[in-house]
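Structure assessment
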Amino acid sequence: IAHEAVDRHVTAGHGAQPALIWLGREGERRVLSYSEFSAEAARFAHVLQSHAIAPGERMFLLAGRVPALYAATLGALKAGVVVSPLFAAFGPEPVRARMEIGQASVLVTTEAHYRRKIADWRTEMPVLKLVLIIGDTAPEGCVALDPAMAAAPDRFETVSTAPEDVAPLHFTPGTTGLPKGVVHVHQAVVAHAETGRLALDLRPGDIYWCTADPGWVTGMSYGIISPLCNRVTMVVDEAEFDLDRWYSILERERVQVWYTAPTAIRM
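Residues numbered from 1 in each chain as written. Predicted model: local features only at pLDDT ≥ 70, side-chain atom pairs only at ≥ 80, totals over all residues. Heavy atoms only, no water.

**Describing unusual backbone geometry**
- The backbone of Q103 sits at a positive phi, close to 55°, despite the residue not being glycine.
- On the secondary structure map, Q103 appears in the loop between α4 (92–101) and β5 (104–109). (Helix = DSSP H or I, 4+ residues; strand = E, 2+ residues; numbered from the N terminus.)

**A few points about the layout of surface pockets**
- In this structure, the largest pocket occupies an estimated 380 Å³ of space.
- Lining the largest pocket are 19 residues, and of these T211, A212, D213, W246 and A261 sit closest to its centre. (1 Å grid on protein atoms, 1.4 Å probe; cavity = no way out; pocket = protein on both sides within 12 Å on 5 of 7 lines; lining within 4 Å. Points joined across faces, edges and corners; volume = space filled by probe spheres on them.)

**Considerations on the state of the cysteines**
- Counted under the stated rule, the structure contains zero disulfides.
- Between C210, a cysteine without a disulfide, and C229, which holds the nearest cysteine sulfur, the sulfur-to-sulfur distance is 14 Å.
- We classify C210 as buried; its relative accessible area is 11%. (Disulfide = S-S within 2.5 Å. Buried < 20%, exposed > 50% of the residue type's maximum accessible area, 1.4 Å probe, protein only.)

**Notes on the sheet that holds strand β2 (residues 29–33)**
- Pairing is mixed across the open sheet formed by five strands, whose spatial order is β2-β1-β11-β10-β12. Strands at the two margins of the open sheet, each flanked by one partner only, are β2 and β12 (257–259). Each strand axis lies, on average, 20° off the axis of its neighbour in the sheet, ignoring direction.
- Here strand β10 (residues 207–210) runs beside β12; their pairing, made up of three bridges, is parallel. Across the sheet, the residue bridging to Y208 is V257, located in β12.
- Here helix α2 (residues 34–50) sits on the sheet in contact with β1 (18–23) and β2, set at roughly 85° to β2.
- Where helix α9 (residues 243–252) meets the sheet, it contacts β1, β10, β11 (233–237) and β12, and its direction lies at approximately 160° from that of β11. (Pairing = 2+ DSSP bridges. Axes fitted to C-alpha atoms, helices over the stretch in contact; angles between N-to-C directions. Contact = heavy atoms within 4.5 Å.)

Below, the structure is given as structure tokens:
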């Protein structure tokens, strides 16, 4: 299990290794070690538990490539909560369709996304019990995530899950009718970890950059789960494609394994 792998890396003495190098759109650079990443995931799991979110409930993510999204993903899995990522560029209707089909109990998003894409119809979805807003403040009826995380303990006893329990829940694009939910189970992490080693040649300590958005299956499986299982250092760029920026990141961060798309290579 990916979140358990992170904890094992820490107990094995690798807590100081960078887990995440985050590059902000405006030039910020933030590094989270495996110890810090583990603590953030534990805090998020406590936040869910404090709001009575039970194992098996569904949490949807609607945010760009920001550190909170990665901590929320691992924290939810630690709490036995199903994770369903959404592409941040989706409009209100695609977001609503997926959340209704997936019976979302929790949403993690930003205030801007909430006001533009959720607020108008939230009251029509009573199953949505908790909306966590990334940042220090939140609109009425929502919870600000940053202070909630700051008040939470940094250790969490991982909820026991069975191999066939649902972990990530992805959705098809919906180009031929309604989007379909595609279930991935906890045991799938075995394939995620092994294919990361065999197909991507991930080795502990490698600097690794997957350019895919976590809203798509590649960005979750090989942008979060597999690299963390294989104890690499992930580079995460918040910004969209820019040729000069991408070349500079590859050079400056000394990326050793780069996983990107044919479209980007052609561009």
